[in-house]
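Structure assessment
Spelled out, the chains give:
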Amino acid sequence: MTGKNFRDAFPIMDEGFRCAVLQALEDIGKEREPVKRKISVGAVLVAAIVMLAAVAAAAVVGGWGMMDFLEGKSLPEAGEMIQSMEGQTAETELATFTLKEALYDGYGVYMTFSVRSKDPTKFLLPGGQIPGNKLSNLKEDGADLTIGEYAEGKGYEGYTYVGAEIDYKSEVNRGSADGLMFNTRAHLEEDDSLTLMLAAVASDLGEGQLTLQMMCGASDVNLTDTIVWQDRPSVQKASLLLKLQKTDTVRRERISRETVDMPAVGMTIQRVRLIQTPLTTYYEVDYTPYEKFVYNGSIRRNKAYLFGVVNGEGKVVYRSAVANISSMCMVDRETGMWRALGTLPASETLPDELQLRVSIIDDPSNWTSETVTIRFPE
């Protein structure tokens, strides 16, 4: 089984556990009920005027882009890989999604959307965020406020939740693109519009052009940060067809040669591969669990693996360093070999070795971890 069968290996039914693990990793805090407040018609008009003025200002100064989200973890020449995609728009009755940028290099797919609300009384929230979360999840200068407190202070009456993902039912995506699952990051602009960055990794997506059918969704009920909202009748949806040209930027590859046993977490690592680009250094970990998972068309797992790399400061980066993306797919159903995919900060050289931390999780509070040194011969 290859990456294109990713959704068979990790079906929608398992997303609850995945979300719980990611919430434990990010420690976003205790959920609270949305802040509700009645506002007058006059306040709505004032808010609308303020928003219109902010839109005009944003048109001059511009908003966040892909390089902003990458936070200096890519080399400067990575900016030359980005394609401008202005003009492609998807609309629902609640929100407008405008594609701004895209990047496809054969191993990862990245894109940014500008999202605007059609109701000036509703505050935009990306799927997965709630009013009780810290405003700093969406903007740098929000350390002392929750999202709900900020929205209440600006006079908003409610919330519109928005998200974008690959359309997992589309025939367009059958093939290599079917293995993609996007991670979403969001930035709140000065006019309270959102810029979303979507990023995904896969194993050797192919040459030339990549065609994707994306699904954009908006709802007055919280969306998760996974694809499950695509099946909800209450979510307004709009499709967007993308054609992305591959930018070939691979500089060098290194592959480990030694098999490594990890008894504490119950697996054997067959190889680790590093792929160096100006955007990031991709890594692939091929491994076989001691206990093979039963596969019968769908798969239920009581445990989950997390792969992390120990950086120069001794900190383990569990959710990959560039754009917080990682993925996993089954490579060989007969032998039970799997592949974990992630990213490291871009660099001018590739390391001779790296410290790999593998954690096996029975539940978000019960982890067993083991660290090994992976060496790369010349």
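Along every chain, residues carry numbers that run from 1 in the direction the sequence is written. Local features in this predicted model are restricted to residues whose pLDDT is 70 or higher, and side-chain atom pairs enter the listing and the counts only when it is 80 or higher, whereas totals over whole chains, interfaces and linings include all residues. The basis for every side-chain value is the complete set of heavy atoms in the structure, and neither hydrogens nor water enter the calculation.

Segments assigned H or I by DSSP are reported as helices when at least four residues long, segments assigned E as strands when at least two residues long, and all are numbered from the N terminus. Across its full length, the chain holds five helices and 20 strands. Only protein chains enter the accessibility calculation, which uses a 1.4 Å probe; a residue is then buried when its area is under 20% of its type maximum, exposed when over 50%, and partly exposed in between. For the chain, buried positions account for 52% of its 378 residues. Residue contacts follow a heavy-atom distance rule, with two residues in contact if any of their heavy atoms lie within 4.5 Å. Nonlocal contacts in the chain, meaning residues at least 24 apart in sequence, comprise 67% of its contacts between residues at least 6 apart. For accessible areas, the Shrake-Rupley method is used with a probe of radius 1.4 Å. Any residue's cover is judged against the shown protein chains and nothing else. As displayed, the chain has an accessible area near 17000 Å², and 50% of this comes from carbon and sulfur atoms.

This next bit is on the pattern of salt bridges. Here, a salt bridge means any Lys or Arg side-chain nitrogen found within 4 Å of an Asp or Glu carboxyl oxygen. The final tally for this structure, using the stated rule, is 18 salt bridges. Here Glu284 ties to Arg273 by a salt bridge, and the two come within 3.2 Å at their closest N and O atoms. With a gap of 11 residues between them, Glu284 in strand β14 (residues 281-289) and Arg273 in strand β13 (residues 267-276) connect regions that are remote in the sequence. Each of the two residues, Glu284 as well as Arg273, counts as buried. Through salt bridges that share partners, Glu253, Arg271, Arg273, Glu284, Asp286 and Arg339 make up one connected network.

It is worth spelling out unusual backbone geometry at this point. One non-glycine residue, Asp192, lies in positive phi territory at about 70 degrees. The backbone of Asn324 shows a phi angle near 55 degrees, a positive value even though the residue is not glycine. Relative to the assigned elements, Asn324 resides in the loop between β16 (316-317) and β17 (327-332). Taking the relative accessible area as the measure of exposure, Asn324 reaches 27% and is therefore partly exposed.

All right, on to the nonpolar core then. Joining through side-chain atoms within 4.5 Å is the link that ties buried Ala, Val, Leu, Ile, Met, Phe, Trp, Tyr and Cys residues into a set, and such a set is a nonpolar core. Core analysis: the biggest nonpolar cluster contains 49 residues, and Val109, Met111, Phe113, Phe182 and Leu212 have the highest contact counts within it. Ranked by residue count, the leading element in this core is strand β9 (residues 209-219), at six residues. Those residues in contact with Phe182 that sit more than four places away from it in its chain are Val109, Met111, Glu165, Ile166, Leu198, Ala199, Ala200, Leu212 and Met214. Counting residues in hydrophobic clusters, the runner-up holds 26 residues, among them Phe307, Val309, Leu356 and Val358.

On to the side chain of Gln129, then. Checked against the element boundaries, Gln129 lands in the loop between β5 (122-126) and α5 (147-153). Here Gln129 falls in the buried class, since its relative accessible area comes to 15%. Polar contact is the term for a pair of N or O atoms within 3.5 Å; when the atoms are in protein, one must be able to donate a hydrogen and the other to accept it, and sequence-neighboring residues count only if both atoms are side-chain atoms. Side-chain polar atoms of Gln129 contact the side chain of Asn133, separated by 2.7 Å. Beyond its immediate chain neighbours, meaning those up to four positions away, Gln129 contacts Asn137, Leu138, Ile147, Tyr161 and Asn222.

Between the rings of Phe, Tyr and Trp (Trp by its six-membered ring), a pair exists once the centres lie within 6.5 Å; its type follows the angle of the planes, with under 30 degrees stacked, over 60 edge-to-face, and the other angles tilted. With the rule as written, the count across this model stands at 10 aromatic pairs. Ring pairing ties together the aromatic residues Phe123, Tyr150, Tyr156, Tyr159 and Tyr161, which thus form one cluster.

When DSSP finds two or more bridges between two strands, those strands count as paired. The four strands lie next to each other as β5-β6-β9-β10, forming an open sheet whose pairing is mixed. Each having just a single partner strand, β5 and β10 (236-245) make up the two edges of the open sheet. Within this sheet the neighbouring strands show an average axis-to-axis angle of 25 degrees, counted without direction. Only C-alpha atoms enter the line fits that serve as axes; for helices the fit covers just the stretch in contact. Angles between N-to-C directions range over 0 to 180 degrees.

Take the environment of Leu350 next. Checked against the element boundaries, Leu350 lands in the loop between β18 (337-344) and β19 (353-363). Put simply, Leu350 and Arg252 are 98 residues apart on the chain and 8.0 Å apart in space, counted from C-alpha to C-alpha. Excluding residues that lie within four positions of it along the chain, Leu350 makes contacts with Arg252, Glu253, Arg254, Leu274, Gln276 and Thr281.

The next subject is the sheet that holds β16. The strands making up a sheet associate through backbone hydrogen bonding, with each pair oriented either parallel or antiparallel. Strand order in this open sheet of four strands is β16-β15-β19-β20, and the pairing throughout is antiparallel. Looking at strand neighbours, the two that pair on one side only are β16 and β20 (366-375), the edges of this open sheet. As defined by bridge partners, strand β15 (residues 304-310) adjoins β16 across two bridges and the pair is classed as antiparallel. Opposite Val309, over in β16, you have Val317 as the bridge partner.

Each residue carries a pLDDT score, the predictor's own confidence in it, on a scale running from 0 to 100. Averaged over the chain, the pLDDT score is 81; the fraction of residues at 70 or greater is 80%. For the stretch residues 1-20, pLDDT sits under 50, and the model shows 58 contacts to residues farther than four places along the chain or on other chains.

Our focus in this paragraph is the environment of Asn173. For Asn173, the location among the structural elements is in the loop between β6 (158-166) and β7 (183-188). Within polar-contact distance, the side chain of Asn173 engages the backbone oxygen of Asp167 at 2.8 Å.

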